[in-house]
Amino acid sequence: MNLRKLSNHAGIGALSLCLLLTALALLVFLWSIISKGWSVLSWEFISQPPREAMTSGGIYPALLGTLYLTVISIAIALPLGVMTAIYLNNYGKPHWLVRIVKVAVNTLAGVPSIIYGLFGMAVFVNLLRLDVSLLAGSFTLAILALPLIINASEEALRSVPKDFTDASLALGATERQTILRVSLPTALPNILTGAIISIGRVAGETAPIMFTAATFYSRKLPKSLSDEVMALPYHIFALMTEGSNAQKQVPIAYGTAVVLLFLVLGISALAIAIRYQIRRKRKW
Amino acid sequence: MVNEASCLLNTHICVQNLNLWFGTNHVLHAVDLCLYEHRITALIGPSGCGKTTLLRCFNRMNDLIDGTRITGTLLLDDEDIYYPKAQVTSIRSRVGMVFQKPNPFPKSIYANVAYGLAITGKYSKAQIRERVRESLMSAWLWDEVKDRLHDSAMSLSGGQQQRLCIARALANQPRVLLLDEPTSALDPQSTAKIEELLTELKKQVTILIVTHNIAQAGRISDYTAFMYLGDLIEFGETQQVFTVPKDPATEAYLTGVFG
């Protein structure tokens, strides 16, 4: 065997090793969470409220709270983000304004999440007097999701071939018709990808909702937008830092983590399935 | 003002003293050109001579490029389409355009042809259905697609896609059909079919075609315009331009001295 072949094999070997290490890290991660949390999982765990100062019972209010927070914040951020992206991509004049918006969006994307929490508390909770509530938390999470959605949507709209928009305009369509009938439908799968990523982010964030929406312990379910809510990531934080019965609380915390993982996974799977359906129907 | 000599009776689209700049780049120099009704006019010339730019003046597609400035007039049925208050969407719906690369929308075959009518909001579903059928028949595509009108247009072959684009343009019943090197991305059979189709289509619509293929211009066009470096050098009946060109540059281009 000559040297070139040997170095080729060595290279492929090194790459395989990297792949194995990554896969191993993921497996160890999943195993350590699931093995520690598995024992507490049951139907009662996800359908009952916590009892006896979080040492038994389930996590139903927190599960519901996280679902509400995620759905409401995405419902706010998605239309806002997509419309911003349309403006940036199609009407972006004058250019200095576009540049400022883009810099703002990218800066927003890099802000640590705890700062969003402080910002949300200052603006939504105190200034707008929403108090610590589902609505205040959803707004805060929506601002966190915005840059992700704007960037993904803008990228998706930019990758719509100019051939399509030219054809539409040449047939006498207005710019508005071209965006609604050609650009948006073509970009939709990639916009959804952006939405999927932000769903994962939003559902798992703790810091932004700490001061704006979440409560340690509540036996009643959220009934309105102005209610405080429990949320899965914050519930984990509470179980690990508060209370006095670590022996009972720690497995519950890991169980909650498993539920959160599968919730995010489930939402992503659903969105991917929808995206796949759209792509398949279009055959390109 | 008007070059009357070049505007004979049966013309309905006339370019008069048209100048175009992209930024500071003077691309078209005082172009005068009239298209004869129900005839095919070929625009030929070397790359970068401005023939595509001139073509895109006829439906104001150059408006989409930042920094474009245009002076002069372009009359479509006695209406100056560069009149400041002219309705661009209305002009474009009366001027069909087919692009170099087949560019059907990622929609169904039916939705592609119906698009230009659907966006006006003026036609009933039955009217649109009828016009889609007529247009597909005119573009010689009906028999190939009548059983799968709701399949994706992307499932068609390249040549079929280009004929679909022609049908899509015809659905608006345009006064003139602009084609920008419509066969340069196609195989010889598809090219032959489209050439044959165009000579049939001139019965219903005036045609202006940009082509790099001199032989193609010779085969299908009635009139030929030769452009060079932003000037319209020569315009005349194709047979005359090809056999006894008046300008030495035209002769040099046609005989392959440059290109």
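Scroll up to find the structure.
The rules behind the values
- Counting restarts for each chain: residues are numbered from 1 in the order of the written sequence.
- Each chain is given a letter, starting from A, and each ligand a number, starting from 1, according to the order in which they appear as written.
- This being a predicted model, a pLDDT of at least 70 is required before a residue's local features are given, and a value of 80 or more before pairs of side-chain atoms are given or counted; all residues contribute to the totals for chains, interfaces and linings.
- Strands are runs of DSSP state E lasting at least 2 residues, helices are runs of H or I lasting at least 4, and numbering of each runs from the N terminus.
- Within these notes, the globule rule equals 2.2 Å times the number of residues to the 0.38 power, and the radius of gyration is based on C-alpha atoms.
- Any residue surrounded by 20 or more other C-beta atoms within 10 Å of its C-beta is treated as buried, while 12 or fewer makes it exposed and the intermediate range makes it partly exposed; C-beta atoms here are placed from the backbone.
- Distance between backbone-placed C-beta atoms decides contact: two residues are in contact if it is within 7 Å.
- When DSSP finds at least two bridges between two strands, those strands are taken to pair.
- Axis geometry follows a simple rule: fit a line to the C-alpha atoms, using only the stretch in contact for helices, then measure angles between N-to-C directions, giving values from 0 to 180 degrees.
- Each residue is assigned to one class: nonpolar for Ala, Val, Leu, Ile, Met, Phe, Trp, Tyr, Cys and Pro, charged for Asp, Glu, Lys and Arg, and polar for all the others, Gly among them.
- Working rule for angles: under 35 degrees goes down as roughly parallel, over 145 as roughly antiparallel, 65 to 115 as roughly perpendicular, anything else as oblique.
- Handedness of a helix crossing follows the sense of rotation of the near helix relative to the far helix, less than a right angle counterclockwise being left-handed and clockwise being right-handed.
- In this description, a nonpolar core means buried residues of the types Ala, Val, Leu, Ile, Met, Phe, Trp, Tyr and Cys, linked to one another by C-beta atoms lying within 7 Å.

Novice: What should I look at first to understand the overall build of chain B in this one?
Specialist: Of the regular secondary structure elements, chain B holds 10 helices and 10 strands. Computed over its C-alpha atoms, the radius of gyration of chain B comes to 18 Å, within 12% of the 18 Å expected for a compact globule of 259 residues. Expressed along its principal axes, the backbone C-alpha trace of chain B runs to roughly 55 × 45 × 35 Å. Each of the 259 residues in chain B was classed as buried or not, and the buried ones make up 44%. Sequence separation of at least 24 residues holds for 68% of the intrachain contacts in chain B that already meet a minimum separation of 6.

Novice: Just to check I follow, could you spell out the sheet that holds strand β8 (residues 206-210) of chain B for this structure?
Specialist: Picture the strands of a sheet paired through backbone hydrogen bonds; they go either parallel or antiparallel. Residues and elements named next belong to chain B. Judged by pairing direction, the sheet is mixed, and its six strands sit side by side in the order β6-β7-β8-β3-β9-β10 without closing on themselves. At either end of the open sheet lies a strand with only one pairing partner, and these are β6 (95-98) and β10 (231-237). Taken over all neighbouring pairs, the strand axes of this sheet differ in orientation by 15° on average, direction set aside. Against the sheet, helix α6 (residues 158-170) contacts β6 and β7 (176-180), and its axis sits at roughly 170° relative to β6.

Novice: Any chance you could explain the interface of chain A and chain B here in plain terms?
Specialist: The extent of an interface is frequently quoted as the accessible surface area lost upon association of the parts. Taken together, the 16 residues of chain A in the interface contact 21 residues of chain B. When residues of the side of chain A that touches chain B are traced back to their parent elements, those giving at least two are α7 (162-170) and α8 (175-204) of chain A. Here the element with the most residues in the side of chain A that touches chain B is α7(A); it accounts for six residues. The residue makeup of the side of chain A that touches chain B, split by class, is eight nonpolar, four polar and four charged.

Novice: Mind showing me how you'd approach the packing of α6(B) against helix α7 (residues 188-201) of chain B here?
Specialist: All names here are of chain B. Relative orientation of the contacting elements α6 and α7 amounts to 20°, with a least axis distance of 9 Å. Put simply, α6 runs roughly parallel to α7. The handedness of the crossing between α6 and α7 is right-handed. Between α6, through Gly-158, Gly-159, Gln-162 and Arg-163, and α7, the contact on the second element is made entirely by Ser-190, Lys-193, Ile-194 and Leu-197. Each residue belonging to the contact of α6 with α7 can be placed in one class, and the counts come to two nonpolar, four polar and two charged.

Novice: Help me out: how do you make sense of the pairing of strand β1 (residues 11-22) of chain B in this one?
Specialist: In regular strands, side chains alternate between the two faces of the sheet. Residues and elements named next belong to chain B. The pairing of β1 with strand β2 (residues 25-36) spans eight bridges and is classified as antiparallel. By the bridge assignment for β2, Phe-22 is matched with Asn-25. A loop of two residues connects β1 with β2, the two strands running antiparallel in sequence, and Gly-23 in this loop sits at a positive phi of about 65°. The pairing of β1 with strand β4 (residues 68-76) spans eight bridges and is antiparallel. Opposite Leu-20, over in β4, you have Ile-70 as the bridge partner.

Novice: How should the sheet that holds β1(B) be read in this particular structure?
Specialist: The strand order across the open sheet formed by four strands is β2-β1-β4-β5 (chain B), and the pairing between neighbours is antiparallel. With partners counted over all chains shown, the strands left at the sheet margins are β2 and β5 (79-80) of chain B, one partner each.

Novice: Can you walk me through the nonpolar core in this structure?
Specialist: Nonpolar side chains in soluble globular proteins tend to be buried together. B:Leu43, B:Ala167, B:Leu178 and B:Leu208 are the most contacted members of the largest nonpolar core, which totals 76 residues. Counting residues per element, this core draws most heavily on α6(B), at six residues. Judged by nonpolar contacts, the second largest core, of 69 residues, contains A:Leu146, A:Leu192, A:Leu232 and A:Val259.

Novice: Would you mind showing me how to read unusual backbone geometry here?
Specialist: The backbone of A:Asp131 sits at a positive phi, close to 60°, despite the residue not being glycine. For A:Asp131, the location among the structural elements is in the loop between α5 (113-127) and α6 (134-158). The residue B:Glu181 is not glycine, and still its phi comes out positive at about 45°. For B:Glu181, the location among the structural elements is in the loop between β7 and α7.

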